[in-house]
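Structural characterization, general
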Amino acid sequence: SGMMASISNATTNAQGVSIGFYVERQLTRRISIRPGLAMAKHNYGMESTPGAGIALGGNMDYYYSAPELNGMTGTTTSFDAVIDVVSMEVPVNFVFSLWKGARSNLFVSTGASTVFYLSQHMSGNFNNTYTRTKVDSNGDVSYESMTTSVKVESEQELLNRVDLLGLANFSAGYSMPFGKGTHLLFEPFVQLPVKDLTSLNLRIRYGGLSMKIQF
């Protein structure tokens, strides 16, 4: 599968890819169940929006806070970050045939996926602003501001997070003959978060096109 992801109002700056296998079991003539296993790799580019603070929701603003500087507390005014994720996905989907010919099939599918994280790496640059209030001998108040930049690196341990049924899956597809006893499936899909995902607690949405070979 080739896929793109989005977090709040931002999209990934590179296409992700997923590869795996599934087993499809016929329940009735038009309904089947399709469990599977897939490995996916994604890269998320994130940045704040001028005047809007930290724009990408989740708990990123709680994940990092500006350190004290000479007794002053600061605020994070902007940031940019890159998150690399390698995950293992276990989807369980139900497939419903809308039109079934002798060798072709038009279908829709829905279900849920559990996600195991094999690797999560985040690197980011955070700009912090500190303001000091000064009062002169005449009682006049002035403010002195300064900005610092901090680089943050974070690497999560293997399988430190599992999102049980964290993604809701929706797709539609078409199956056609592809050699003797083999079918080729083209299946556009979307995956929507049921809850916060990854160790950064982000609401990540996926969409893309899956190509399957069915034996």
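Scroll up to find the structure this text is about.
Residues numbered from 1 in each chain as written. Predicted model: local features only at pLDDT ≥ 70, side-chain atom pairs only at ≥ 80, totals over all residues. Heavy atoms only, no water.

**Quick notes on the side chain of R161**
Put simply, the test is: Under the scheme used here, helices are H or I runs from DSSP no shorter than 4 residues and strands are E runs no shorter than 2 residues, and both carry numbers assigned from the N terminus. Whenever a nitrogen or oxygen atom comes within 3.5 Å of another N or O atom, the pair is scored as a polar contact, on the condition that within protein one atom can donate a hydrogen and the other can accept it, and that pairs from neighbouring residues in sequence are kept only if both atoms are in side chains. Residues are treated as being in contact if the distance between any of their heavy atoms lies within 4.5 Å.
In this structure, R161 sits in the loop between β8 (141-156) and β9 (162-177). Of the polar contacts made by the side chain of R161, one reaches the side chain of N201; its length is 3.1 Å. Discounting residues that sit within four places of it in the chain, R161 has contacts with V115, F116, Y117, Q120, D196, L197, T198, S199 and N201.

**Thoughts on the nonpolar core**
Side chains of a nonpolar character, in soluble globular proteins, are inclined to be buried together. Which entries qualify depends on this criterion: Put simply, buried Ala, Val, Leu, Ile, Met, Phe, Trp, Tyr and Cys residues joined by side-chain atoms within 4.5 Å make one nonpolar core. When a residue's accessible area, from a 1.4 Å probe over protein chains only, is under 20% of the maximum for its type it is buried; when over 50% it is exposed; and in between it is partly exposed.
Grouped together as the largest cluster of nonpolar side chains are 21 residues, with contacts concentrated most on Y44, I83, L202, I204 and Y206. Listed by contribution, the elements that provide at least two residues to this core are β1 (2-7), β5 (31-47), β6 (74-100), β7 (105-135) and β11 (204-214).

**Quick look at the environment of S104**
As for its placement among the helices and strands, S104 is situated in the loop between β6 and β7. Sequence separation between S104 and H183 is 79 residues, and the spatial gap between their C-alpha atoms is 8.4 Å. With sequence-adjacent residues up to four places away left out, S104 is seen in contact with W99, Y174, S175, M176 and P177.

**Remarks on the pairing of β7**
The two faces of the sheet receive side chains in turn, since in a regular strand these alternate between them. This is how the line gets drawn: Two strands make a pair as long as DSSP finds a minimum of two bridges between them.
Relative to β7, β6 is paired through 25 bridges, and the arrangement is antiparallel. The residue bridging F94 from the neighbouring strand is T110, located in β7. From the end of β6 to the start of β7, which pair antiparallel, there are four residues. Sheet analysis places β7 next to β9, joined by 11 bridges and oriented antiparallel. Counted as the bridge partner of S109 is S171 from β9. Here β7 pairs with β8 via 16 bridges, running antiparallel. Pairing of N128 across the sheet is with T148, part of β8. In this structure, the hairpin formed by β7 and β8 is closed by a connection of five residues, where G139 is found at a positive phi of approximately 85 degrees.

**Focus: the packing of aromatic side chains**
Put simply, the rule is: Side-chain rings of Phe, Tyr and Trp, where Trp is taken by its six-membered ring, are said to pair if the distance between their centres is within 6.5 Å; with planes under 30 degrees apart they count as stacked, over 60 as edge-to-face, and otherwise as tilted. Lysine and arginine charges are scored as sitting over a ring when NZ or CZ, respectively, is within 6 Å of the ring centre and within 35 degrees of the ring normal.
Tallied over the entire structure, the rule returns zero aromatic pairs. A cation over an aromatic ring shows up here: R34 above the ring of Y22, its NZ or CZ 4.8 Å from the ring centre.

**Section: the environment of T73**
As for its placement among the helices and strands, T73 is situated in the loop between α1 (60-63) and β6. Under the relative-accessibility criterion, T73 is labelled exposed at 59%. Along the chain, T73 and T129 lie 56 residues apart, while their C-alpha atoms are 8.8 Å from each other.

**Details of empty space enclosed by the protein**
What counts, and what does not: Every definition here rests on a 1 Å grid over the protein atoms only: cavities are sets of points where a 1.4 Å probe fits but cannot get out, pockets are open sets enclosed by protein on both sides within 12 Å along at least five of seven lines, and lining residues have some atom within 4 Å of a point. Grid points are joined across faces, edges and corners, and a volume is the space filled by probe spheres set on the points. Following the grouping adopted for this structure description, the nonpolar residues are Ala, Val, Leu, Ile, Met, Phe, Trp, Tyr, Cys and Pro, the charged ones are Asp, Glu, Lys and Arg, and the polar ones are all others, Gly among them.
Counted under the stated rule, the structure contains three cavities of 30 Å³ or more. A volume near 100 Å³ is recorded for the largest cavity. Secondary structure elements with two or more residues in the lining of the largest cavity: β5, β6 and β7. Residues of the lining of the largest cavity, tallied by class, amount to nine nonpolar, three polar and one charged.

**Considering the environment of Q156**
Mapped onto the elements, Q156 comes out in strand β8. One polar contact links Q156 to N160, side chain to side chain, over a distance of 2.9 Å.

**Description of the pattern of salt bridges**
Our working definition: Note on definitions: salt bridges are taken to be side-chain nitrogens of Lys or Arg within 4 Å of carboxyl oxygens of Asp or Glu.
In total, this model carries six salt bridges according to the counting rule given. Its salt-bridge partner being E187, residue R34 comes within 3.1 Å of it at the nearest N-O pair. On the criterion of sequence distance, the pair formed by R34 in strand β5 and E187 in strand β10 (residues 183-193) is long-range, its members being 153 residues apart. Here R34 matches E187 in class, with each residue buried. A salt bridge links D196 to R203; its shortest N-O distance comes to 3.0 Å. Judged by relative accessible area, R203 falls into the partly exposed class, the value being 39%. Residues participating in the shared-partner salt-bridge network are E24, R34, E187 and K212.

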